[in-house]
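Here is how the chains run, residue by residue.
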Amino acid sequence: MAHIVIIGAGLGGAPAAYELREALGKDHRITVVNQSDYFQFVPSNPWLAVGWRKREAITLPIGEYFKRKGIDFIASPVVSIDAPGNWLKLGDGRTLAYDFLIITTGPKLAFEDVPGSGPAHHTQSICTVDHAEQAWTLYEKFLQDPGPMVIGAMPGASCFGPAYEFAFIVSADLKRRRLRKKVPITFVTSEPYIGHLGLAGVGDSKSVLESELRNNDIKWVTNARTTRVEAGKLFATEVDANGATVKEHELGFKFAMMLPAFKGVEAVAAVPELCNPRGFVLVDEFQRSKKYRNIFSAGVCIAVPPVEVTPIPTGAPKTGYMIETMVTAIVRNIAADIAGQPATTQGSWNAICLADMGNTGAAFVALPQIPPRNVNWFRKGRWVHWAKIAFEKYFLYKMKRGTSEPIYEKYMLRTLGINRLEQ
């Protein structure tokens, strides 16, 4: 009997556990280790930060759902990984041996890269449910005395979509409250242009998102290297295509939400020869560690090169659909390994996304993620807003049911009217 341990119970780890149970039956042991005792649906965090959702609506006590499927669950952080010895040390003092290890931790949020940034200092975040809940608490206070707002993404960021979402959602919320005229909003991003998204643009993303920012009276600064944040002030250096300084910005704010760059979590980054210098797991085409054959990884915590070099560093996003295909590849390759067969399944580098914009939304498809592409389009419409709301309910329902089917692929293909996906 093999023991498969999964670190992380998020958008990658939870589906991985369910898929493994379906693929391996009850003959093998599966254990999920997660820092918290709940699953959080991260794509809903922008809504939580403006009070459109409650915490309990987008989190699940995942342990009880795992138990129904015969999956063990431990709510404890991982302190260290002994990869040669095949065991973990947990925060509660226990050790856990494994035959196969799947790392789906998500990232460490590198607020330390920009002094004064982060929820412990002067900017808010929507990267976790705790951060989004704190942002909502401060946003409620902001509504009593509104003023300038800064929203965006800092140098090295790779997940730009939520920053755009939050900017448009906040604008829509302020309009509903009849407060928009009191809140100048500036979007500050490390992208070389609006709509780059870490993907060198997708279809008409540049023109569409620029138009939406104008329509919502949101100013922007691109090629921006945020250098530090003080109470009520964000400092950023705007550069040109060659990286030369164009302008120094000092932006006052009463509320700021800036997405950080990511790193690998400490316990994973500390494993010799497992990760790159930023702590992201180095994997081959089968999602297997290049150093340790029984370690696999998927999602935001793996090393993916940027789509292109930009004046201010930008990373490549890992969208939900992409993460799902990585997980499926891992499950099939572990099953093959147990059966004595070689790994053959590869994840997809296709990017598919639904982004809410308050009362409308945008969807994009990039097949594959790295240009040149077979499919490259970006669409806006109110239908995307409703499609994302429906997807939230659909995903959480499937997590409660313990489904092993590809949730993103099934929903996205039907919603976007795509018959099949090809590289």
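Located above this text is the structure these notes cover.
Residues numbered from 1 in each chain as written. Predicted model: local features only at pLDDT ≥ 70, side-chain atom pairs only at ≥ 80, totals over all residues. Heavy atoms only, no water.

Trainee: Break down the sheet that holds strand S20 (residues 351-356) for me, citing the residues and quoting the values.
Mentor: Ordered in space as S20-S21-S22, the 3 strands form an open sheet in which the pairing is antiparallel. Since the sheet does not close on itself, it has two edges, and those belong to S20 and strand S22 (375-380), each with one partner. Across the sheet, the mean angle separating the axes of adjacent strands is 5° when strand polarity is ignored. Here S20 runs beside strand S21 (residues 361-367); their pairing, made up of 6 bridges, is antiparallel. Its bridge partner lying in S21, alanine 351 is registered against alanine 366. (Pairing = 2+ DSSP bridges. Helix = DSSP H or I, 4+ residues; strand = E, 2+ residues; numbered from the N terminus. Axes fitted to C-alpha atoms, helices over the stretch in contact; angles between N-to-C directions.)

Trainee: Before we move on, can you summarise the pattern of salt bridges with the specific residues and values?
Mentor: Taken as a whole and judged by the stated rule, the model has 22 salt bridges. When the shortest N-O distance is used, the salt bridge between glutamate 112 and lysine 108 registers 3.4 Å. Overall, lysine 108 belongs to the partly exposed group, its relative accessible area being 25%. In this structure, lysine 398 engages glutamate 405 in a salt bridge whose closest nitrogen and oxygen atoms are separated by 2.8 Å. Judged by its relative accessible area of 14%, lysine 398 is buried. By relative accessible area, which is 24% here, glutamate 405 ends up partly exposed. One continuous salt-bridge network, built from bridges that share partners, spans Lys108, Glu112, Asp113, Lys263, Glu266 and Arg278. (Salt bridge = Lys/Arg side-chain N within 4 Å of Asp/Glu carboxyl O. Buried < 20%, exposed > 50% of the residue type's maximum accessible area, 1.4 Å probe, protein only.)

Trainee: If you had to explain helix H6 (residues 205-215) to someone new, which residues and values would you point to?
Mentor: Looking at H6, one finds that the buried residues are Ser205, Val208, Leu209, Glu210, Glu212 and Leu213. In this structure, the buried side of H6 is in contact with helix H5 (161-176), strand S13 (218-221) and S22. Positive backbone phi, approximately 55°, marks aspartate 217, located one or two places after H6. (Contact = heavy atoms within 4.5 Å.)

Trainee: Now, about the environment of phenylalanine 39: what can you tell me, with residues and values included?
Mentor: Within the secondary structure, phenylalanine 39 sits in strand S3 (residues 39-40). Since its relative accessible area comes to 0%, phenylalanine 39 is described here as buried. When the C-alpha positions of phenylalanine 39 and valine 129 are compared, they lie 9.8 Å apart, and in sequence the two are 90 residues distant. Once residues within four sequence positions are removed from consideration, phenylalanine 39 is found in contact with Ala9, Gly10, Leu11, Ala14, Ile58, Thr59, Leu60, Ile62, Phe395, Leu396 and Met399.

Trainee: Could you give me a rundown of unusual backbone geometry, with the residues and numbers involved?
Mentor: Here the bond from leucine 367 into proline 368 is cis, since omega is -10°, no more than 30 degrees from zero. Its location among the elements puts proline 368 in the loop between S21 and S22. The phi torsion at leucine 197 lies on the positive side, around 65°, for a residue other than glycine. Locating leucine 197 in the fold gives a position in the loop between strand S12 (185-189) and H6. A residue is classified by how much of its surface remains accessible, and leucine 197, at 7% relative accessible area, is buried. Even without being a glycine, asparagine 223 presents a positive backbone phi close to 50°.

Trainee: Provide a residue-level description of the packing of helix H1 (residues 13-24) against helix H8 (residues 320-338), including the pertinent values.
Mentor: With their axes 9 Å apart at the nearest point, H1 and H8 run at an angle of 35° to one another. Crossing geometry of H1 relative to H8 is assigned as right-handed. Contact with H1, carried on its side by Pro15, Ala16, Glu19, Leu20, Ala23 and Leu24, involves Val327, Thr328, Val331, Ala335 and Ile338 of H8 and no other residues of that element. Taken together, the residues that form the contact of H1 with H8 break down as 9 nonpolar, 1 polar and 1 charged. (Left-handed = near helix turned anticlockwise from the far one by under 90°. Nonpolar A, V, L, I, M, F, W, Y, C, P; charged D, E, K, R; others polar.)

Trainee: Run through the nonpolar core, naming residues and quoting values.
Mentor: Ranked by size, the top nonpolar core spans 147 residues in total, and within it Leu88 and Tyr139 carry the most contacts. The element best represented in this core is H5, accounting for 9 residues. The residues contacting leucine 88, other than those within four sequence positions of it, are Val5, Ile7, Val78, Ser80, Ile81, Arg94, Thr95, Leu96, Tyr98 and Leu101. (Core = buried A, V, L, I, M, F, W, Y, C linked by side-chain atoms within 4.5 Å.)

Trainee: Summarise the sheet that holds strand S16 (residues 245-252); cite the residues concerned and give the values.
Mentor: Strands sit in the order S14-S15-S16 across an open sheet of 3 strands; the sheet is antiparallel. Whereas interior strands pair on both sides, the edge strands pair on one side only; in this sheet they are strand S14 (224-230) and S16. The sheet shows a mean angle of 15° between the axes of neighbouring strands, taken without regard to direction. Of the strand pairs in this sheet, S14 and strand S15 (residues 233-239) are connected by 6 bridges, and their pairing is antiparallel. Paired with glutamate 230 across the strands is lysine 233, a residue of S15.

Trainee: Please provide a residue-by-residue account of the packing of H5 against H6, values included.
Mentor: One can describe the packing of H5 onto H6 by two numbers: an axis separation of 11 Å at closest approach and a directional angle of 25°. Between H5 and H6, the crossing angle belongs to the class labelled roughly parallel. Relative to H6, H5 is oriented so that their crossing is left-handed. Every residue of H6 that contacts H5 at Tyr164, Phe168 and Lys175 is listed here: Leu209, Glu212, Leu213 and Asn215. Grouping the amino acids of the contact of H5 with H6 by side-chain chemistry returns 4 nonpolar, 1 polar and 2 charged. (Parallel < 35°, antiparallel > 145°, perpendicular 65-115°, else oblique.)

Fair warning: the whole summary comes from geometry, so function is off the table for now.
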